[in-house]
Amino acid sequence: MAPSSSSSSSDDGHENLQGLGDDRSALQKHVAFFDQNKDGIVYPWETYRGFRAIGCGILLSSVSAILINLALSRKTRPGKFPSLLFPIEVKNIHMAKHGSDSGVYDNEGRFVPSKFEEIFTEHARSNSNALTSEELMAMLKYNRVPKDYSGWFASWTEWKILYFLCKDKSGLLHKETIRAVYDGSLFERMQEDRASAQKKS
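Counting of residues starts from 1 at the beginning of each chain's written sequence and follows it residue by residue. Per-residue local features are limited, in this predicted model, to residues with pLDDT of at least 70; the limit for side-chain atom pairs, both in listing and counting, is 80 or more; totals at the level of whole chains, interfaces and linings are taken over all residues. Water and hydrogen atoms play no part in the side-chain values, which are based on all heavy atoms of the structure.

Undergrad: Can you tell me about the pattern of salt bridges, naming the residues and giving the values?
TA: The rule for a salt bridge is simple: a side-chain nitrogen of Lys or Arg has to be within 4 Å of a carboxyl oxygen of Asp or Glu. Going through the model one piece at a time under the given rule, you end up with six salt bridges. Measuring nitrogen to oxygen at the nearest pair gives 2.5 Å for the salt bridge that ties Glu89 to Lys80. By relative accessible area, Lys80 is classed as partly exposed at 43%. Residues participating in the shared-partner salt-bridge network are Arg77, Lys80 and Glu89. Throughout this description, buried means an accessible area under 20% of the type-specific maximum (1.4 Å probe, protein chains only), exposed means over 50%, and partly exposed covers the range between.

Given below as structure tokens:
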């Protein structure tokens, strides 16, 4: 998936992040990186390879692939018999949106700029364009829906992995990095950077 350099905003305050002839939602673009053969389906082994491509270890990649596909497969395949291959249908990924999140994706998987900016206006204290580990944890706590334990876990896992992989030397997770993860362009960049580093070593 190529990074989206152009975007369009609709009248209702949502942003579809449309490229040339690309009408996928931001959430679909976020997930599409893991659809390695571009058939619209993400299988556990593709999830695993995607995590490995962005620099995650074997254990983290394996656990993530199992948990993600187990959690999302059935939700993205309404009306279909459960599959032991646990496929995720990219076109229906909005159906698997969990609670206790930031609200940056709406219920259709579209990017909501005002909610993205709210992450920083509400939670970035030491740097207006970045989050510290403590600020990140405070945001996760702030977003919690009572008794939504699965949502708490999903949000904590997503953000902690992002922080672990992408924080800078000062322990800051920058705004542009977080922005790029929402449409998946960050994954492409991380994969390219890792491949380049391996060639040099």
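Undergrad: Before we move on, could you go through a nonpolar patch on the surface and cite the residues and values that matter?
TA: What goes into a patch is any residue over 30% in relative accessible area without a salt bridge, connected to like charges within 9 Å or, for nonpolar side chains (Val, Leu, Ile, Met, Phe, Trp, Tyr), within 5 Å. All accessible areas in this document rest on Shrake-Rupley with a 1.4 Å probe, and a residue is counted as covered only by the protein chains that are shown. On the surface, Leu59, Val63, Ile66, Leu67, Leu70, Met137, Phe153 and Trp156 cluster together into a nonpolar patch covering about 780 Å² of accessible area. Broken down by secondary-structure element, the contributors of at least two residues to the nonpolar patch are helix 3 (58–72) and helix 6 (149–166). The element that contributes the greatest number of residues to the nonpolar patch is helix 3, accounting for five residues. Comment: elements are numbered from the N terminus, with helices defined as DSSP H or I runs of at least four residues and strands as E runs of at least two. Secondary-structure assignment places Leu67 in helix 3. Classification of Leu67 as partly exposed rests on a relative accessible area of 43%.

Undergrad: Now, about the environment of Leu70: what can you tell me, with residues and values included?
TA: For Leu70, the location among the structural elements is in helix 3. Leu70 sits 17 residues away from Pro87 along the chain, and the two C-alpha atoms are 8.7 Å apart.

Undergrad: Describe the packing of helix 7 (residues 175–182) against helix 8 (residues 185–200), naming the residues involved and giving the relevant values.
TA: Every angle, taken between N-to-C directions, lies between 0 and 180 degrees, and every axis is a line fitted to C-alpha atoms, over only the stretch in contact when it is a helix. The geometry of helix 7 relative to helix 8 is characterised by a closest axis approach of 5 Å and an angle of 105 degrees between their N-to-C directions. Between helix 7 and helix 8, the interaxial angle falls into the category roughly perpendicular. Within the contact between the two elements, helix 7 uses Thr177, Ala180 and Val181 and helix 8 uses Ser185, Leu186, Phe187 and Arg189. We call Asp, Glu, Lys and Arg charged. Ala, Val, Leu, Ile, Met, Phe, Trp, Tyr, Cys and Pro are nonpolar, and the rest, Gly among them, are polar. Residues of the contact of helix 7 with helix 8, tallied by class, amount to four nonpolar, two polar and one charged. Roughly parallel means an angle under 35 degrees; roughly antiparallel, over 145; roughly perpendicular, 65 to 115; everything else is oblique. Note on contacts: a residue pair qualifies if any of its non-hydrogen atoms lie within 4.5 Å across the two residues.

Undergrad: Kindly report on the packing of helix 2 (residues 44–53) against helix 3, identifying the contributing residues and their values.
TA: Describing two packed helices takes the angle between their axes plus the distance from one axis to the other. Where helix 2 meets helix 3, the axes come as close as 8 Å, and the angle between the chain directions of the two elements is 140 degrees. Put simply, helix 2 runs oblique to helix 3. Two packed elements cross with a definite hand, and for helix 2 against helix 3 that hand is right-handed. Where helix 2 approaches helix 3, its residues Pro44, Thr47, Tyr48, Phe51 and Arg52 are matched on the opposing element by Ile58, Ser61, Ser62, Ser64, Ala65, Ile68 and Asn69. Here the contact of helix 2 with helix 3 is built from residues that sort into six nonpolar, five polar and one charged. Handedness of a crossing is defined here by the sense of rotation of the near helix relative to the far one, left-handed for an anticlockwise turn of less than a right angle and right-handed for a clockwise turn.

Undergrad: Lay out the environment of Leu27 in plain terms, naming residues and giving numbers.
TA: Relative to the helices and strands, Leu27 is located in helix 1 (residues 26–32). Under the relative-accessibility criterion, Leu27 is labelled buried at 8%. Residues contacting Leu27, with those up to four places away along its chain left out, are Ile93, His94, Tyr105, Gly109 and Tyr182.

Undergrad: So what about the layout of surface pockets? Which residues, and what values?
TA: If a probe as big as a water molecule is rolled over the atoms, it shows which places are left empty. Points on a 1 Å grid, built from protein atoms alone, make a cavity when a 1.4 Å probe fits but cannot get out and make a pocket when they are open with protein on both sides within 12 Å along at least 5 of 7 lines; residues with an atom within 4 Å of a point are the lining residues. Grid points are joined across faces, edges and corners, and a volume is the space filled by probe spheres set on the points. By volume, the largest pocket amounts to about 1200 Å³. Residue lining of the largest pocket: 45 residues in total, with His30, Ile68, His98, Ala154 and Glu158 positioned closest to the centre. Listed by contribution, the elements that provide at least two residues to the lining of the largest pocket are helix 1, helix 2, helix 3, helix 6, helix 7 and helix 8. Considering every element that reaches the lining of the largest pocket, the biggest residue donor is helix 6, with twelve residues. Class assignment for the residues of the lining of the largest pocket results in 30 nonpolar, ten polar and five charged.

All quantities given are derived from atomic positions and should not be read as evidence of function.
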